[in-house]
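As a plain string of letters, each chain reads:
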Amino acid sequence: MVIVAAIDDSERAAPVLQEAQTIATNFDEAVHAVHVLQRSELVKVLEKDIEGQDLTDNYEVQQIGENIVSRATGESTLPEPTVSVRVGDPAAEISAYAEEQDARYVVIGGRQRSPTGKALFGSVTQDVMFESPTPVVNVALD
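Keep in mind that what you see is a predicted model, and the values were worked out from it rather than measured. (Residues numbered from 1 in each chain as written. Predicted model: local features only at pLDDT ≥ 70, side-chain atom pairs only at ≥ 80, totals over all residues. Heavy atoms only, no water.)

1. Quick word on unusual backbone geometry
Okay, so step 1: In this structure, Asp28 takes a positive phi of about 55 degrees despite not being glycine.
Okay, so step 2: One can find Asp28 in the loop between helix H1 (13-27) and strand E2 (30-37).
Okay, so step 3: One non-glycine residue with positive phi stands out, namely Asp102, at about 55 degrees.
Okay, so step 4: As for its position among the elements, Asp102 is in the loop between helix H4 (90-100) and strand E4 (105-111). (Helix = DSSP H or I, 4+ residues; strand = E, 2+ residues; numbered from the N terminus.)

2. Concerning helix H3 (residues 59-73)
Okay, so step 1: Taking 1.5 Å as the rise per residue, H3 with 15 residues should run 21 Å; its terminal C-alpha atoms sit 21 Å apart, in good agreement.
Okay, so step 2: Those residues of H3 lying buried are Val61, Gln62, Gly65, Ile68, Val69, Ala72 and Thr73. In an axial view of H3, the angular spread of the buried residues amounts to 120 degrees, which keeps them on one side of the axis. Residues of H3 that are exposed and point over 90 degrees away from its buried face: Tyr59 and Arg71.
Okay, so step 3: Phi for Gly74, located one or two positions after H3, is positive at around 55 degrees. (Expected span 1.5 Å × (residues − 1). Buried < 20%, exposed > 50% of the residue type's maximum accessible area, 1.4 Å probe, protein only. Arc of directions from axis to C-beta.)

3. Remarks on the packing of H1 against H3
Okay, so step 1: Here H1 crosses H3 at 80 degrees, and the two axes come no closer than 8 Å. Taken together, the axes of H1 and H3 are roughly perpendicular relative to one another. Only Ile68, Val69, Ala72 and Thr73 of H3 make contact with H1, whose side of the interface consists of Ala13, Ala14, Leu17 and Gln21.
Okay, so step 2: Among the residues forming the contact of H1 with H3, the class breakdown is six nonpolar, two polar and no charged. (Axes fitted to C-alpha atoms, helices over the stretch in contact; angles between N-to-C directions. Parallel < 35°, antiparallel > 145°, perpendicular 65-115°, else oblique. Contact = heavy atoms within 4.5 Å. Nonpolar A, V, L, I, M, F, W, Y, C, P; charged D, E, K, R; others polar.)

This is the structure in structure tokens:
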């Protein structure tokens, strides 16, 4: 089993990874950091045709996740997590990854939103909580 840390390219990545590493240490599990690109973001990353290549195997795509984890972990002495970058709907991809990896927990960072804000703009954190096949730990952030 693994602990999945769902990260984005924001200041929320560091506390999510830290919490995932704490849980992983307590359960003697590995941490997998997963970042999901939406297709519109992917277009900005890729400027060449990658015919026949799985998008998540592409160096430029994988480097995005590696860079996020590197910034978030800083000079941490904890083991580096396994990094996976996926493309698609964030909540669906995070949940699918957790199921594929037989994850013990998914750790995700949410920000506080009003009920109206959630209804109008959606919430990846909320969707992961509903869709995930495994328990979700929400690191509440402002």
